[in-house]
Every structure is written in C-alpha cells, then in structure tokens.
Amino acid sequence: MASPGRRAAGGNSLLRAARSASLWFLLLTAALLLADGYLIFMVAPTDAVLGDVQRIFYIHVPISIISFLGFFVCAVAGIAYLIRRSERWDRLAHASAEVGVIFVTLALVTGVIWARPVWGVWWTWEPRLTTTLILWLIYVAYLMIRHYAPTPQQGRSWSAVVGIIGFIDVPIVYYSVQWWRSIHPVQVIGPEAADDALEPIISRILIFSLIAILMLACYLVMERMMLRAAEDNITELRRQQQDASPDY
Amino acid sequence: MKLLRPTLAIAWKDVRLELRSRDTVISALVFGLIVVVVFNFGLNRAPGSLAPVAPGLLWVAYSFIGVLAMNRTFARELEHGGLDGLLIAPVSRDAVFLGKALGSLVFMLVIQAILLPVFAVMLGLPALSPVLGLIILLATVGFATIGTFFAGIAVQTRSREILLPVLFFPVVVPIIIAAVEATALALQGGPAGPIWSRWIPLLVVFDALFLVVCSWIFAFVFEG
C-alpha cells in the first residue's frame, strides 16, 4: 500500500524543480513579449492605408495560428489518452484546450476590433470568421463536457472524443462555409485581399511576435498542467482520507 | 453479418416501442408545426412571401426536431434500467451505436415525410422533387449519426437537455449549410449543378466519415 504522504512528497520535489524551470521560462517570455510590444508600436511602419489599427495584425495573426495549434495538440493528446490511458496526456489535452479557447476568444475580439474601422462592420459571415466562431463553440462544449461529467474518468474520455470529432469537423466546416459564401454575391474582403507579399520588416516582426506568443501559450499550458496535477493530487488525497475514515 | 443483426434488432426494438407509444413522433410533429408558426410571427412577412426563407425554416425545424428525437433515443432507456440492459447485452458497442442511430433515422424520416407536405402548404414551397428526398435522407443520416453519438454522452449527465444541443449544433453546421443550399436550389428548379458537384458530395463525405469515426469511438462513451 503506497502511503499518500510519500506520494505527495515525491510529487512535491518534482513540482519544485518544474516550478523553478517555469519561473525562468516566464521571465524569458515576459522579456520577449515586452520586446514584441516595442517592435509592434515603435518599429513596425504604420500602414499607409489602414493606419495604426493595422498593428493589431501582429497580435491577431499569431494568436489565431496558436489557438489552432492548441486544438491540434488537444486532439492528438486526446487520442493518446484514449490509447495509453495516462493522465498526463489528459492534462495536456485539457490545458491546451483551455488555452486554445482563451486564444480563440482573443482572436475573435481583436478581429472584431480590427474589422469595424477597416471593413465597416463588426462582424461578417466570411469563411474564416465563421469557422473560427464554430471552432470556439465546439471547444466551449468540450470544456462544458468535462465540467458536466459525473466522474473525472468519464470527463476525460468524453472530452477526448469530443476533441477528436471537433478536430475532424473543422476542415469540413471551413469548406462548407466557403462554398456557402461563394455562391452568394458578396464582397471579397480580408484574407483573400491580404494575401499579397508582406514587407520583410513586417514579416520579421510577425515571426518574432509568433515566437513570443507561442512561448506565452507554452507557459500557460505548462502552468495549467501543473495546476491540474496539483488539483488531481488533492482530490486523490481527499478520496484516500475518506476511504480511511468513512465517518470523518 | 455479426454487426448487422444486433444493429437491426436494436433499431427494430426502438421502432416497435415507438409504434406502441407514439410519444416521440406525435410530440415532434406538433413541435414542428409550432416552429413554423413561431417563425411566421418572428419574420412577419406578407402571405406567400415566405418562400425565399423556406429552405432555412425547413431545416431549422428539422434540426430542432432532430435534437428533440435524439434526446429521447437514450432517455427512454433510462426507465426500468434499459440502458444497463443494452450495455450488458452481448453485442459490440458499435452495434449499439448503429442500431440506435438507425432507429433515430427512421423516426426522423417518418416525421419529416409527414411534415414536408404541411410545410409545403404553409410556406408556399414551389415544388417537391425526388432530389429533395435524397438531400433530406443524406442530411438526416448525418443528424442521426452525430445526434446519437452525443445523446449517448448527454444522457449520462445531469443537464442532458441542454448539453445535447450545445454539442450537436456546432458540429452539424456543415450539414445544415449543405442541406439548406441544396434544398434552395432544388426548390427553385434552376441549375442543379452545385447540388451534385458540391452539396451532395459534402453530405456523403460527412456521413461516411462520422459514421465510421463515431461507431469506432462510441465504446469510450459508455465506460467507467
């Protein structure tokens, strides 16, 4: 019989090592994000047509890309969990889904802020926007499923299958919305128009921003995984204590 | 063969249950009518001018009915321990899934077949065509697949009535789009090109993909 105290102590030293590593990671990320802010506001040239609002692009594009990456990680970790049944995979899936949902929310918000002065509307049912919104809804449902599941075990399996179905669904949603839009006579705006080559300075800042925000996302995922591990530890200890003294 | 017989047995059980009680079909029919009436007030159009939005109304009604029927498919198993019986039956989980999905498919097709002429009269749909039947069949296969899968999850939670639509609607967006667009084209009687080049293939791909994936991972829905 493994004593709960020993397990917790082993977990603690590991946790402490991970914590100091994550602190350094956080400091590095913070430095990069500060530098990113300087580059975006002081170095990047102001857009000749769109003006300062274009600077949102340096945040918006990396956030969107990384949120999609988060859902990809979530689906892969979900599959790995279903095969290996290791809670570590489930923690990764959960953390990347949560970070993905936050990032998609931010992507939608920054997109809407950008769209109002540039397109003249807050929202339009353009394929990428619509797909992103559907994606957001699917992964909000993913998080709800975890919350509503009667047991943690069911929550893990259910969210894994929802993550898989959601990830398969996203390309189909994208194509269907694109076809749906293309047969309606609408203005071609945004992504299609923005595909022309970017200035080297702009693309360099964009890549820097992508790296900085990717590091932020990695940090958040790691931190969330550690938090989940601690939560699971507490739940487990409580359960053991309850088992030991049912009247307690 | 090993899969087909239990699948059909489970579907037939559900159909027979419904033939005896007629709970789901009757309530779904009345609900379908109510949806049309409510939309009529919501849109406040002149008589006869609902035709342009008719495909949308038709599929909104059909998908609402779908959620209603799907909620019932596992919920009725909760009475008298039916679900436990189903799960300890010596058949694989994909047979349970396919049987349940087939049962839901039959219900929904019956409800849709009864409602379609009613909708045609109330919404002033120009014409009914065989291709519309194919569109309805393919779209409903997709609804039944996704709906049955998520109903299996939702039925095990406290908040099953709200959880099913929250899971169901975002995932079936491609089906709703394809069904509405194809129905509009079919009813206009104009060029049928996009129906065959885009929407029918989209529906077929969606149905095939999710039938395979869902029956494959359905075992994970009922565990632990």
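Residues numbered from 1 in each chain as written. Chains lettered and ligands numbered in written order. Predicted model: local features only at pLDDT ≥ 70, side-chain atom pairs only at ≥ 80, totals over all residues.

1. Comments concerning the overall build of chain A
Check the secondary structure of chain A and you find 6 helices and 0 strands. The 248 residues of chain A split such that 32% are buried. Of the contacts made within chain A by residues no fewer than 6 positions apart, 78% connect residues no fewer than 24 positions apart. (Helix = DSSP H or I, 4+ residues; strand = E, 2+ residues; numbered from the N terminus. Buried ≥ 20, exposed ≤ 12 C-beta atoms within 10 Å, placed from the backbone. Contact = placed C-beta atoms within 7 Å.)

2. Some points on the confidence of the model for chain B
Residue and element names in this part refer to chain B. The predicted model of chain B averages 87 in pLDDT, with 95% of residues at 70 or higher. The least confident element of chain B, judged by mean pLDDT, is helix H2 (residues 23-43) at 85; the most confident is helix H6 (residues 130-154) at 94. Model confidence for the complex: the whole-complex pTM is 0.86, and ipTM, which rates the interface, is 0.87. (pLDDT = per-residue confidence, 0-100.)

3. Observations regarding the interface of chain B and chain A
Facing 26 residues of chain B, the contacting portion of chain A comprises 30 residues. Elements supplying a minimum of two residues to the side of chain B that touches chain A: helix H7 (160-171), helix H8 (173-188) and helix H9 (193-217) of chain B. A class-by-class count of the residues in the side of chain B that touches chain A yields 18 nonpolar, 4 polar and 4 charged. (Nonpolar A, V, L, I, M, F, W, Y, C, P; charged D, E, K, R; others polar.)

4. Section: the nonpolar core
Among the nonpolar cores identified, the biggest contains 126 residues, and Val 161 of chain A together with Ala 139, Phe 150, Leu 167, Ile 175, Ala 178 and Ala 179 of chain B are the most heavily contacted of them. A per-element tally of this core places H6 of chain B first, with 14 residues. Apart from the residues within four sequence positions on either side, Ala 139 of chain B is in contact with Ile 175, Ala 178, Ala 179 and Leu 203 of chain B. (Core = buried A, V, L, I, M, F, W, Y, C linked by C-beta atoms within 7 Å.)

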